[in-house]
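Residue-level listing of the chains:
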Amino acid sequence: MLVLVAPGQGSQTPGFLTEWLELPGAADRVAAWSDAIGLDLAHYGTKADADEIRDTAVAQPLLVAAGLLSASALGDIDPGAVAGHSVGEITAAALSGVLDDAAALSLVRKRGLAMADAAAITETGMAALLGGDPEVTVPHLEKLGLTPANVNGGGQIVAAGTMEQIAALEADKPEGVRRVVPLKVAGAFHTHHMGPAVETLAEAAKALAPADPKVAYVSNKDGRAVASGAEVLERLVGQVANPVRWDLCMETFKELGVTALLELCPGGTLTGLAKRALPGVKTLALKTPADLDAARELVAEHAA
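Chemist: Report on the side chain of Gln9, specifying residues and quantitative values.
Modeler: Tracing the backbone shows Gln9 in the loop between strand E1 (2–6) and helix H1 (26–37). Side chain to side chain, Gln9 and Thr56 meet in a polar contact 3.5 Å long. Reaching out from Gln9, the side chain makes a polar contact with the side chain of Gln60 at a distance of 3.0 Å. Leaving out residues up to four positions away in the same chain, Gln9 has contacts with Arg54, Thr56, Ala59, Gln60, Leu63, Val87 and Phe189.

Written out as structure tokens, the structure is:
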């Protein structure tokens, strides 16, 4: 059984879209998306530097566009389930048929702008904790006023809060944590600091008409497979201020009988987590079009 997954913010790198835009029809498709949302995706995916694509309002639509572009390059595929990490959930919603591509890109553009505005209210950030036991780490974070914003499995937790709280964490690591690594994101995503963005997205969602997913859609909120398009959309709105429970998503993959996990462009992060948490499951990350042949072989062997 094949699970198709889409990465979240922080996985983008300068120029990562360049080779994908050389595929037949890709540049025209991205140009149409750019016109529709008022953002030059081709520029940001090929010429922009790391600081420019770190901007939340840019990074989020860029990642969804990359995921959709790489998925279409695979051709017709039939995964047993789809999921995305944070903003990757919007990519997954499009892949499962809940939203069409245009609606997904419109929603993620509004999401990125709203989260950037929310992040500007207070100086906040996120940091990954390497090592440690979640049962020890989570109470320590809460003592410092931080939120365990991403619980990624394999012992990896990402904390989020004000920059002062992040600095306090670096000075006072939980027992067993080897390092605290600040992330290249512009705010404390998936925390109460994103409350204003939830209100904006709730209003934007009223204009959408979600369909029920055609394949199992595994949600970040609790790892549950959601069968209602309306509920998927409701969860997409709420998740900007709720923790990402990728650990629970991977538990559901196990229950569904996953045998292979394919991560869309710009892949690498989620396959790395799967290698630790899903032993025996074949993994492949789509980084460049050179990975497409191997990906198609994986699809042919493991898709439903």
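Chemist: Would you mind going over the packing of helix H4 (residues 56–74) against helix H6 (residues 101–121) in detail, with residue names and values included?
Modeler: Where H4 meets H6, the closest approach of the two axes is 7 Å, and the angle between their N-to-C directions is 155°. Between H4 and H6, the angle falls in the class roughly antiparallel. The crossing of H4 and H6 is right-handed. The residues of H6 that touch H4, namely those facing Thr56, Ala57, Gln60, Pro61, Val64, Ala65 and Leu68, are Asp101, Leu105, Val108, Arg109, Arg111, Gly112, Leu113, Met115 and Ala116. When its residues are assigned to classes, the contact of H4 with H6 shows ten nonpolar, three polar and three charged.

Chemist: Could you give an account of the pairing of E1, with specific residues and numbers?
Modeler: Taken across its five residues, E1 has five buried, putting it largely inside the fold. Neither face of E1 is exposed, since Leu2, Leu4 and Ala6 on one face and Val3 and Val5 on the opposite face are all buried. Pairing between E1 and strand E10 (residues 260–263): four bridges, direction parallel. Opposite Leu4, over in E10, you have Leu262 as the bridge partner. Relative to strand E2 (residues 81–84), E1 is paired through four bridges, and the arrangement is parallel. By the bridge assignment for E2, Val5 is matched with Ala83.

Chemist: For the pairing of strand E4 (residues 147–153), give the residues involved together with the corresponding values.
Modeler: Counting buried positions along E4 yields seven of seven residues, so the element is predominantly enclosed. Sheet topology note: the E4/strand E5 (residues 156–162) ladder contains five bridges and is antiparallel. Bridged to Gly153 within E5 is Gln156. Hairpin geometry of E4 and E5 is characterised by an intervening segment of two residues between the two adjacent antiparallel strands and by a positive phi of about 60° at Gly154.

Chemist: Please give an account of the sheet that holds strand E8 (residues 225–226) that cites residues and values.
Modeler: One open sheet holds the six strands; their spatial order is E8-E7-E2-E1-E10-E11, and the pairing between them is mixed. The two strands at the open ends of the sheet, each matched to only one other strand, are E8 and strand E11 (282–285). Both strand E7 (residues 216–218) and E8 contribute to a ladder of two bridges, which runs antiparallel. Bridge pairing in E8 links Val218 to Ala225. This element, helix H5 (residues 88–95), spans E1, E2 and E7 of the sheet and lies at about 155° to E2.

Conventions used here
- Residues numbered from 1 in each chain as written.
- Predicted model: local features only at pLDDT ≥ 70, side-chain atom pairs only at ≥ 80, totals over all residues.
- Heavy atoms only, no water.
- Helix = DSSP H or I, 4+ residues; strand = E, 2+ residues; numbered from the N terminus.
- Polar contact = N/O pair within 3.5 Å; in protein donor to acceptor, adjacent residues only side chain to side chain.
- Contact = heavy atoms within 4.5 Å.
- Axes fitted to C-alpha atoms, helices over the stretch in contact; angles between N-to-C directions.
- Parallel < 35°, antiparallel > 145°, perpendicular 65-115°, else oblique.
- Left-handed = near helix turned anticlockwise from the far one by under 90°.
- Nonpolar A, V, L, I, M, F, W, Y, C, P; charged D, E, K, R; others polar.
- Buried < 20%, exposed > 50% of the residue type's maximum accessible area, 1.4 Å probe, protein only.
- Pairing = 2+ DSSP bridges.

Note that all results are geometric; they support no functional claim without further evidence.
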